[in-house]
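Structural overview for review
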Amino acid sequence: MSTSSLPVRWLQSLEWRRGFFAWARTDGVTWVYIFKVLAAAFITLWLAMRLELPQPRTAMITVFIVMQPQSGHVFAKSFYRVLGTLAGSAMMVALIAIFPQNTELFLPSLALWVGLCSAGAMRYRTFRAYGFVLAGYTAAMIGLPVLEHPDQAFMAAVWRVLEIALGILVSTFVSAAILPQSASAAMRNALYQRFGTFAGVVVEALRGDSQRDRYETSNVRFVAEAVGLESLRNVTAFEDPHMRRRSGRLVRMNSEFMAITTRFNALHSLLERLRARGPLQIVGAIEPGLETLAQLLQPYVGRALTDADALRLALELGTYKEGLQAQVRGLRAEYLETNPSESDLLDFHTAFELLYRFVDEMFSYAQTHASLAVHKHEREQWDEPYVAQTSWLVSLAAGVRASAVLLLLGSYWLLSDWPSGGMMTLIATVTVGLSAASPNPKRMSFQMACGTAIGAFIGFFETFFVFPWIDGFPLLCMVLAPVFVLGAFLSSRPAYAGYGVGLLVFFAIGSVPNNLTIYNPYTFINDYIGMVIGMFVCAAAGAIILPPNSRWLWSRLEQELREQVLFAIGGRLRGLGSAFESRTRDLLHQAYGLAAGKPQVQSELMGWMFTVLEIGHAIIELRKEQARAPIHPAYAESQPWRQAIRVMGRALARLFLQPSASNHERALVAVDHAISRVQATDEPFARHFDTSVLRRAQSYLHFIRSSLLDPQSPLAPAKGLHHDVP
């Protein structure tokens, strides 16, 4: 063997390993998930048949619905499935007991229950939503088949709970035992990676290299991560005791990251206005302080921020913050030599006030991140939870659609006495429940109908031409495996998830044999026709009855986004910052998802989010400054500057409730008046942002004014705000 060929072979081996690990992190995860689905489904089916449960397919369907690539998601979904099943079973037994053989009252009551559950699923969009979905369609799945035999309702509920419990036990065991994928590992990776991305955005913007489209895209990503990490934190509590011990710090980190993105958005907006407006003397006076921070963050750009890196970052930011005040005083002395105008000097002070607060927030974030290295830490104590915000109108629309579908199809079934009408109503109820929390229920229902239709053709062939020829459970598994592999693969792809769910779940409902299999082609065909019709009715309801992806809903969510400024003005000050940040981002995340495929609408929504965060955050800071001001006559409640700020708050509330040119002008006048009152007030401290309450208040007021005058803002008069009609 030639020694010169060894390096070549070593490099080839290294490339092969890199390729294998890259495949394992992407497509390999999908195939592991598919293998788990097959293993859990067949084990569950075998146990259910051996235990002679009435509906073994119900236990197997539980596997298809519960199974997720990550074990934490399986535990969370299983937990809420149990709660939902128990709630739905109890409600159905109660309804059957109250309305035995009285369909005129039973059906509307069931429709009302399903509607309430669908509304709850839309209100709670995490795995808690799945508990509401199960509570709704479990009641229908138990009650509709025994409608003519109410005496069987209780045992039907008991058997269903046992079948679902079996599916959950097997799913959780398989997910945790076979090549487990941890949700806590995914959360750590997301936490470590996002600061590197954020640092890159900050460095670009501080040096004036930021592009608006790329900047907006980055902010959309940060919003989605803030919402997603809160959901992921709830999931990790089910599987990882180490992450459960750090739950308070994880909430705190998420809140602090939202705060630093808002702080930086405000600073970036002000810098962009100054660079666009000119003259450049003020930009040149500010840039030395910005470049120092950019050099500090440059090593962290694109890197994963480990706990050790976070500790080093905290030390560096602490040193930078201590020297920033002296640096600002020196830069201010140099800038005063150029005889700047009062407005330019206000811009200078406001920029460094925002920079100082941004660095302070980032320092706190780095400290919290570094504290994750230990099990117990004082930063675990955090009483400002993430607050989700969902429009009541969106939830109501989901509930109305579900109730309308069940009433319509149930009435048709009872009036026509179609033998498969019960199956049609039942499957429509399941479909409307599974698609309730989807941003596009019409598309989801249509995909499920297509997947069910494919499953009908495959199921007919296997049921009447294959099953009679096989003998034994292994051959049954071999016949069913290709269908389940295809369904699991499609369900793992977000764009085709509806097709996969339809193929897996409804193929199992209609085609997987029970212990006693009845070969009746007429019933088989009629049941599948009923399934597909029910799903198409759900798709039509999603397109007709208050569709969630239509203009009316975007307008409603945009209005609720603007109303967060009123929340900042009038909300309880304790925990207000975190609640304001999370509510605003949650609303944008919903609206942005519903407006998918419409970039103009998404751009308008992003513009409103930036404006709401900028002005709302400045208002909250003004309220905090007034609340912690020293006891002194200059800061008394009766002072003209405090009265002027209250008048300004009312003017801003009117502006965001009804954006118009006249309200915009009133708000500007109120802000100018508040600034003049602050400037005219004497205080006992030097006018520096690190010592003066009024200096900081003046900076925030000036920032609100510059935000109102921003030509890129949706509040700008040039963007066509309508005038009030006398």
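Refer to the preceding data block for the structure.
So, here's what we can say about the structure. (Residues numbered from 1 in each chain as written. Predicted model: local features only at pLDDT ≥ 70, side-chain atom pairs only at ≥ 80, totals over all residues. Heavy atoms only, no water.)

**Thoughts on the overall build of the protein**
- Regarding its fold elements, the protein presents 27 helices and zero strands.
- In terms of its C-alpha atoms, the protein occupies a principal-axis envelope of roughly 95 × 90 × 45 Å.
- Sequence separation of at least 24 residues holds for 78% of the intrachain contacts in the protein that already meet a minimum separation of 6.
- Carbon and sulfur atoms form 62% of the exposed surface of the protein, whose accessible area is close to 31100 Å². (Helix = DSSP H or I, 4+ residues; strand = E, 2+ residues; numbered from the N terminus. Contact = heavy atoms within 4.5 Å. Areas by Shrake-Rupley, 256 points an atom, 1.4 Å probe, with all protein chains shown as cover.)

**Observations concerning the packing of helix α11 (residues 247-277) against helix α14 (residues 342-370)**
- Where α11 meets α14, the closest approach of the two axes is 9 Å, and the angle between their N-to-C directions is 155 degrees. For the element pair α11 / α14, the angle class is roughly antiparallel. In this structure, α11 meets α14 at a crossing whose hand is left-handed.
- A breakdown of the residues in the contact of α11 with α14 according to their chemical character gives 15 nonpolar, four polar and nine charged. (Axes fitted to C-alpha atoms, helices over the stretch in contact; angles between N-to-C directions. Parallel < 35°, antiparallel > 145°, perpendicular 65-115°, else oblique. Left-handed = near helix turned anticlockwise from the far one by under 90°. Nonpolar A, V, L, I, M, F, W, Y, C, P; charged D, E, K, R; others polar.)

**Examining the pattern of salt bridges**
- Counted by the stated rule, this structure contains 21 salt bridges.
- Residue Glu 204 pairs with Arg 214 through a salt bridge whose shortest N-O separation is 3.2 Å. On the criterion of sequence distance, the pair formed by Glu 204 in helix α8 (residues 183-206) and Arg 214 in helix α9 (residues 212-236) is long-range, its members being ten residues apart.
- Residue class for Glu 204 comes out partly exposed when judged on its relative accessible area of 30%.
- Owing to a relative accessible area of 40%, Arg 214 belongs among the partly exposed residues under this scheme.
- Residue Arg 273 pairs with Asp 710 through a salt bridge whose shortest N-O separation is 3.4 Å. A residue pair is termed long-range when its members are at least 10 positions apart, and Arg 273 in helix α11 and Asp 710 in the segment after α27 (693-708) qualify at 437 residues.
- What makes Arg 273 buried here is its relative accessible area of 12%.
- Where salt bridges share partners, they join Arg 252, Glu 256 and Arg 379 into one cluster. (Salt bridge = Lys/Arg side-chain N within 4 Å of Asp/Glu carboxyl O. Buried < 20%, exposed > 50% of the residue type's maximum accessible area, 1.4 Å probe, protein only.)

**Thoughts on the nonpolar core**
- Counting 119 residues, the largest nonpolar core has Phe 195, Phe 198, Leu 293, Ile 704 and Leu 708 as its most contacted members.
- Broken down by element, this core gets its largest block of residues, 15 residues, from α14.
- Those residues in contact with Phe 198 that sit more than four places away from it in its chain are Phe 222, Phe 257, Ile 260, Thr 261, Phe 264, Phe 358 and Met 362. (Core = buried A, V, L, I, M, F, W, Y, C linked by side-chain atoms within 4.5 Å.)

**Describing α11**
- When the terminal C-alpha atoms of α11 are compared, their 45 Å separation across 31 residues agrees well with the 45 Å that a helix rising 1.5 Å per residue should span.
- Burial analysis of α11 places 27 of its 31 residues in the buried class, the great majority of the element. (Expected span 1.5 Å × (residues − 1).)

**A few points about unusual backbone geometry**
- A positive phi is found at Glu 52, a non-glycine position, where the angle reads about 55 degrees.
- For Glu 52, the location among the structural elements is in the loop between α2 (27-50) and α3 (56-66).
- Take Glu 52: its relative accessible area is 64%, and that puts it in the exposed class.
- For Asp 417, which is not glycine, the phi torsion reads 60 degrees and is therefore positive.
- In this structure, Asp 417 sits in the loop between α15 (392-416) and α16 (421-434).
- Looking at Asp 417, the relative accessible area reads 59%, which means it is exposed.

**What about the side chain of Arg 695?**
- As for its position among the elements, Arg 695 is in helix α27.
- Polar side-chain contacts of Arg 695 include one of 3.1 Å to the side chain of His 349. (Polar contact = N/O pair within 3.5 Å; in protein donor to acceptor, adjacent residues only side chain to side chain.)

**Remarks on the state of the cysteines**
- With the rule as written, the count across this model stands at zero disulfides.
- In this structure Cys 117 is a free cysteine whose sulfur lies 15 Å from that of Cys 538, the closest cysteine sulfur available.
- Note on Cys 117: relative accessible area 4%, which makes it buried.
- By relative accessible area, Cys 538 is classed as buried at 4%. (Disulfide = S-S within 2.5 Å.)

**Quick word on empty space enclosed by the protein**
- Counting across every chain of the model gives five cavities of 30 Å³ or more.
- As for the largest cavity, its lining consists of Ser 118, Ala 398, Arg 401, Val 405, Val 432, Ser 435, Ala 436, Pro 441, Ser 445, Cys 538, Ala 541 and Gly 542.
- Listed by contribution, the elements that provide at least two residues to the lining of the largest cavity are α15, α17 (441-465) and α20 (521-544).
- Here the lining of the largest cavity is composed, by residue class, of seven nonpolar, four polar and one charged.
- For the second largest cavity, the calculated volume is near 50 Å³. (1 Å grid on protein atoms, 1.4 Å probe; cavity = no way out; pocket = protein on both sides within 12 Å on 5 of 7 lines; lining within 4 Å. Points joined across faces, edges and corners; volume = space filled by probe spheres on them.)

**Some remarks on the packing of aromatic side chains**
- Across all of its chains, the model carries 26 aromatic pairs by this definition.
- When the centroid spacing of 4.9 Å and the interplanar angle of 50 degrees are considered together, the rings of Phe 460 and Phe 464 count as tilted. Of the two residues, Phe 460 and Phe 464 are both situated in helix α17; the distance of four residues between them amounts to about one turn of the helix.
- Residue classification places Phe 460 among the partly exposed residues on the basis of a relative accessible area of 29%.
- Looking at Phe 464, the relative accessible area reads 19%, which means it is buried.
- Ring geometry for Phe 524 versus Tyr 528: centroids 4.9 Å apart, planes at 55 degrees, classification tilted. You can see Phe 524 and its partner Tyr 528 sitting in helix α20, four residues apart, about one turn around the helix. (Phe/Tyr/Trp six-rings, centres within 6.5 Å; stacked < 30°, edge-to-face > 60°.)

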